[in-house]
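# Inside the fold
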Amino acid sequence: MSAAAENGPGEAKVIPIESAPSWTEPPAEGPGLADRVADAVGGALAGRLGAAATRAFGKGWEDRAADGLAFLRRRITGDYEVDEFGFDRELTEEVLLGLVRPLARTYFRVEVRGIENIPAEGGALIVANHSGTIPLDALMTQVVIHDHHPHHRHLRMLAADLVFVLPGVNELARKAGHTLACNEDAQALLERGELVGVWPEGFKGVGKPFSERYKLQRFGRGGFVSSALRARVPIVPCSIVGAEETYPMIGNFKTLARLLGLPYVPITPTFPWLGPLGAVPLPTKWIIEFGEPIATDRHPVEAAEDPMLVFDLADEVRETIQHTLYQLLVRRRSVFF
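First, a word on scope: everything that follows refers to the structure included in this document. Note that this is a predicted model, so its numbers are computed, not measured.

Here is what the cut-offs are and how they apply
Residues numbered from 1 in each chain as written. Predicted model: local features only at pLDDT ≥ 70, side-chain atom pairs only at ≥ 80, totals over all residues. Heavy atoms only, no water. Helix = DSSP H or I, 4+ residues; strand = E, 2+ residues; numbered from the N terminus. Contact = heavy atoms within 4.5 Å. Areas by Shrake-Rupley, 256 points an atom, 1.4 Å probe, with all protein chains shown as cover. Axes fitted to C-alpha atoms, helices over the stretch in contact; angles between N-to-C directions. Left-handed = near helix turned anticlockwise from the far one by under 90°. Phe/Tyr/Trp six-rings, centres within 6.5 Å; stacked < 30°, edge-to-face > 60°. Buried < 20%, exposed > 50% of the residue type's maximum accessible area, 1.4 Å probe, protein only. Lys NZ or Arg CZ within 6 Å of the ring centre and 35° of its normal. Salt bridge = Lys/Arg side-chain N within 4 Å of Asp/Glu carboxyl O. Core = buried A, V, L, I, M, F, W, Y, C linked by side-chain atoms within 4.5 Å.

## Description of the overall build of the protein
Across its full length, the protein carries 12 helices and 9 strands. A separation of at least 24 residues holds for 79% of the contacts in the protein among residues at least 6 apart in sequence. When the accessible area of the protein is evaluated, it comes to approximately 16200 Å², of which 59% is carbon and sulfur surface.

## A few points about the packing of helix α8 (residues 183–191) against helix α10 (residues 223–231)
Between α8 and α10, the least distance of the axes is 9 Å, while the angle of their chain directions is 35°. Handedness of the crossing formed by α8 with α10: right-handed. From α8, N183, A186, Q187, L190 and E191 reach across to α10, where they touch G223, S227, A228, R230 and A231.

## Topic: the packing of aromatic side chains
Tallied over the full model, the rule gives 3 aromatic pairs. Where Y107 meets F108, the ring centres are 5.2 Å apart and the plane angle is 75°; that geometry is what we call edge-to-face. Aromatic pair F219 and F224: ring centres 5.9 Å apart, planes at 80°, arrangement edge-to-face. On the basis of relative accessible area, F219 is assigned to the buried category, the value being 5%. Residue classification places F224 among the buried residues on the basis of a relative accessible area of 1%. Taken together through their ring pairs, the aromatic side chains of Y107, F108 and W286 make up a single cluster. The ring centre of Y80 lies 3.7 Å from the NZ or CZ of R75, which sits over that ring. For the cation-ring pair, R174 lies above F164, with the distance from its terminal atom to the ring centre recorded as 4.3 Å.

## Regarding unusual backbone geometry
A cis geometry characterises the amide bond from F271 onward to P272, with omega recorded as 5°. Take P272: it is sitting in the loop between β8 (266–267) and β9 (287–290). Within the chain, R109 stands out as a residue other than glycine whose phi angle is a positive 50°. Its place among the elements puts R109 in the loop between α5 (89–107) and β1 (111–113). The partly exposed category is assigned to R109, whose relative accessible area is 27%. The phi torsion at Y214 lies on the positive side, around 65°, for a residue other than glycine. Among the residues examined, Y214 registers a relative accessible area of 5% and is labelled buried.

## Focus: the environment of F271
Positionally, F271 belongs in the loop between β8 and β9. Its relative accessible area of 30% is what places F271 among the partly exposed residues. Linking F271 and M249, residues 22 residues apart in sequence, is a C-alpha distance of 9.4 Å. Apart from the residues within four sequence positions on either side, F271 is in contact with P266 and G278.

## Examining the pattern of salt bridges
For the structure on display, the rule yields 18 salt bridges. Measuring nitrogen to oxygen at the nearest pair gives 3.6 Å for the salt bridge that ties E194 to R156. Taken together, the residues E194 in the loop between α8 and β5 (195–198) and R156 in strand β3 (residues 155–159) connect sequence positions 38 residues apart. Neither residue differs from the other here; E194 and R156 are each classed as buried.

## Here we look at the nonpolar core
Soluble, globular proteins show a tendency: their nonpolar side chains are buried together. Membership of the largest hydrophobic core comes to 33 residues, with the highest contact counts inside it found for L125, V127, F224, V225, I235 and V317. Elements represented by at least two residues in this core include exactly β2 (124–128), α8, β5, α10, β6 (235–241) and α12 (307–331). Sorting elements by how many residues they give to this core places α12 first, with 8 residues. Residues in contact with I235, not counting those within four places in the same chain, are L125, V127, V225, A228, E292, P293, I294, T296 and V317. Counting 29 residues, the second-largest nonpolar core is a separate cluster that includes A138, L139, V143 and W286.

So this is what it looks like as structure tokens:
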């Protein structure tokens, strides 16, 4: 659902979003419908279905069912909150993260290192390398931060404008906390004390050929550094190993990509040759390492307007990530184990 804008936060096209209050207004008949649904489900569970559930799921299923019914009631009645960017915390925690969590835990078996380098509170900017043809690395980073951080922090990802023009994906991205990769949104989130994620390589990184794996692409003009300087928050480098091999890109249908208005249409060892099965990622072993924070508050706020300082800090972040990638690759014994 997320790919960073190719030229960084400062160069993306602004796309307006719907106002949050319209999403939280309950339907006219919401409470009545919620009561009827809860009563029907509760009655079913009190009968033979309940006994069957006890045999199938063991003791404790009643509490899980009650939590599920309470969640369903809140969704039907509109008794939940979203922020001005469309972030729906409850839906993200209860549903969206749960959909990708099995990929992180069981399929990619993500090993997380350096989680203590992410602040317990306050704003911080996570900057990561981008790869894999399909940006699963962004989703995996979001779920491992929430699951492994002691305070279960949410990563608010800066996404490319393509994400917000795809039907269905747009709404899900907003609810999961993604927002457009522009300086205004990034700075607003950082100043509110949010954890913000950016992938400065953009489509150049996620769509690069397999022959260039783990070689970082250009970081744009460093718009992410300007946002961090203005908000005076630390920058946390993030290095991801394993994503490059999930969909090894050995070719590109460039003509088809132009016709569809896409940055690329990949050719992999399995796609399109195996049809829908070719869309299944390879079960690679992942490592996500968060490096030591790079402080920005030692510089004055006006330093965000100094192009040389911005370039130097962006280059420092890029070199840190690249060096860490090389270290992880040297120590890696196998792509899959």
